[in-house]
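Here is how the chains run, residue by residue.
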Amino acid sequence: MSYAYLFKYIIIGDTGVGKSCLLLQFTDKRFQPVHDLTIGVEFGARMITIDGKQIKLQIWDTAGQEAFRSITRSYYRGAAGALLVYDITRRDTFNHLTTWLEDARQHSNSNMVIMLIGNKSDLESRREVKKEEGEAFAREHGLVFMETSAKTAANVEEAFINTAREIYEKIQEGVFDINNEANGIKLGPQHLPSNANTPSGGASASQGGACC
Amino acid sequence: MATHGYSGNSFDRWVEQSSIHGTASDNTMNKMQHQFWVAKQTILRRLGKKEDDCVVASDAELDAKLELFLSIQETCSQLYKVVEQYQERLQVLAQEENTFGHFLRTNGELDKTCAGKMMNAVGKAMIYSAQQRVSLRSPLTRLYQEVETFCQRAVEDTSYTVNEMEKCRNDYRGALLWMKNVSQELDPDTFKQLEKFRRVQSHVRASKSKFDRHKLACLQKIDLLAAARCNMFSHGLIVYQDNMATFWKRTSSAMTTVSEAYKGYQPYEFTFVKGLTYPSLKLAAEKSSSPEPKL
């Protein structure tokens, strides 16, 4: 599959908030009520289209358990976007957001787009964190906020795509240096300077991007 | 539109399958690599190098429980020694008391004065007290035996479980070190790297589930040990407490009888230390002239 850009995403947050379920919903459009514990990291990928361009999202779904914390720290490097997830039915996962944010800011590049996600919005009756609180936290720390449900798929698509759109806009504004892979953005094969030598596959349709 | 890298559930299943049915050389290689990181972890630990804070913090509950176990282990062996010394000394004290009582009685019978009678009475009380004191020994011996069994069986058994758990913990932490190492330059779109990561991941998963099992066993066993200890004390100490109360009640009543019988000042005719004769008589006169209620 050819793509114009590749964005590296990471999903972070406490254990059991539904990180893996969000990814599964986004990549496979299905929901698993019982999910194995993530060991280290799992990967997912999906193509999306923004502004007529094919963008491959390479998603790193990290382990939330504390024992893996220092391992997952090495995954922050080179991520263009991060989904910081908490569980609206568990107050403590919301309280830990500051630590996660500090961790993310410290181990990633400063331009990383962070989206705050309050997951499990289908469990309204067990809600412990108000939507307004999430919004306030996001406003205070300059994040984008959304409530999602990996079970009903509400807002899941939007969360991933809006983040991508924001990254895309930043590229257009020239905030991201797309030639520096440390920013978590890779150009697709047909956009590389060595383009002329590569045999053109069926991907010629997406050529002519105004990225350079 | 959707496309997958080397990921997803079906891939994971395939990886696990292939790692189970992998070729022998592949498995040996993996095992060796795992052992390398386990050895590294062991050395780091032995040298007292600072371990990963997050990993240590994630075991906080377990470590707190281990503290409890160490305290039980230590205090039990101390108690074992203390009870042994205590009952030995109790025995010695009772013997001394008995000897003292006999000494007073023999000398009291030789002395025909009032002092002789007093010595005789006190001597009898002492012998009685010594006999009563010995009755404290049997519950103590019982406690001593129970603490001994507890130390040798329950604590030993738990200590074995703890050691097993520590081995698994070391294995798990070694696997985590390995995973951290392969995570440094991980790129999911490079098949070789991802494959390697998957192999490490399956090791971490296996050692984690093993460690989790042992951890649970440890937590439960230590809780049980603490409960068993309380149980042992509440049974063993009740008899001791009762015997102690009876001992004090009986001896104190015996001593009170003696003290009541010889209330006030008893004059004594000094035959050797003549200098004391006059003050003694004077004191006796003062005592008898003062209004004192007689029983």
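Residues numbered from 1 in each chain as written. Chains lettered and ligands numbered in written order. Predicted model: local features only at pLDDT ≥ 70, side-chain atom pairs only at ≥ 80, totals over all residues.

- As annotated in an unreviewed UniProt entry, chain B carries the name AH domain-containing protein and is attributed to Daphnia pulex.

- Chain A appears in an unreviewed UniProt entry as Ras-related protein Rab-2A from Daphnia pulex.
- For chain A, the Sequence similarities (unreviewed entry) comment in UniProt is given as "Belongs to the small GTPase superfamily. Rab family." (UniProt positions renumbered as here; feature names shortened; annotations may be inferred.)

### Regarding the overall build of chain A
And step 1. Each helix and strand counted, chain A has six helices and seven strands in total.
And step 2. Of the regular secondary structure in chain A, the N- to C-terminal order runs β-α-β-β-α-β-α-α-β-α-β-α-β.
And step 3. Taken across its 212 residues, chain A has 47% of its residues classed as buried.
And step 4. Partitioning the intrachain contacts of chain A with sequence separation of at least 6 by distance along the chain shows that 73% fall at a separation of at least 24. (Helix = DSSP H or I, 4+ residues; strand = E, 2+ residues; numbered from the N terminus. Buried ≥ 20, exposed ≤ 12 C-beta atoms within 10 Å, placed from the backbone. Contact = placed C-beta atoms within 7 Å.)

### Quick word on the interface of chain B and chain A
And step 1. Every contact between the two is made by 22 residues of chain B and, on the other side, 20 residues of chain A.
And step 2. Put simply, the parts of the chain that give the side of chain B that touches chain A at least two residues each are helix H3 (53–58), helix H6 (137–183) and helix H7 (191–261) of chain B.
And step 3. Class assignment for the residues of the side of chain B that touches chain A results in nine nonpolar, nine polar and four charged. (Nonpolar A, V, L, I, M, F, W, Y, C, P; charged D, E, K, R; others polar.)

### What about the nonpolar core?
And step 1. Counting 91 residues, the largest nonpolar core has A:Phe7, A:Tyr9, A:Leu84 and A:Met115 as the members making the most contacts within it.
And step 2. It is H6(B) that provides the largest number of residues to this core, a total of 15 residues.
And step 3. Contacts of A:Tyr9, omitting those with residues within four sequence positions, involve A:Leu57, A:Gln58, A:Ile59, A:Trp60, A:Ala79, A:Gly81, A:Ala82, A:Leu83 and A:Thr163.
And step 4. Of all hydrophobic cores here, the second largest spans five residues; its members include B:Leu104, B:Met119, B:Ala125 and B:Ala130. (Core = buried A, V, L, I, M, F, W, Y, C linked by C-beta atoms within 7 Å.)

### Side note on H7(B)
And step 1. For H7(B), with 71 residues, the first-to-last C-alpha span of 102 Å sits near the 105 Å given by 1.5 Å per residue.
And step 2. At B:Leu237, H7(B) shows its maximal bend, which comes to roughly 30°. (Expected span 1.5 Å × (residues − 1). Bend = angle between axes of the 7 residues up to and from the residue.)

### Let's talk about the pairing of strand E1 (residues 5–12) of chain A
All names here are of chain A.
And step 1. In terms of burial, E1 is largely enclosed, as eight of its eight residues are buried.
And step 2. Residues Tyr 5, Phe 7, Tyr 9 and Ile 11 of E1 are buried on one face, and the alternating residues Leu 6, Lys 8, Ile 10 and Ile 12, pointing to the opposite face, are buried as well.
And step 3. By the bridge criterion, seven bridges tie E1 to strand E3 (residues 53–62) in an arrangement that is parallel. Residue Ile 10 lies in a different strand from E3, and its bridge partner there is Trp 60. (Pairing = 2+ DSSP bridges.)

### Quick notes on unusual backbone geometry
All names here are of chain A.
And step 1. With a phi close to 55°, Lys 29 is a non-glycine residue in the positive phi region.
And step 2. You can see Lys 29 is positioned in the loop between helix H1 (19–28) and strand E2 (41–50).
And step 3. For Lys 120, which is not a glycine, the phi torsion comes out positive at approximately 70°.
And step 4. Summarising the element assignment, Lys 120 is placed in the loop between strand E5 (113–119) and helix H5 (131–141).

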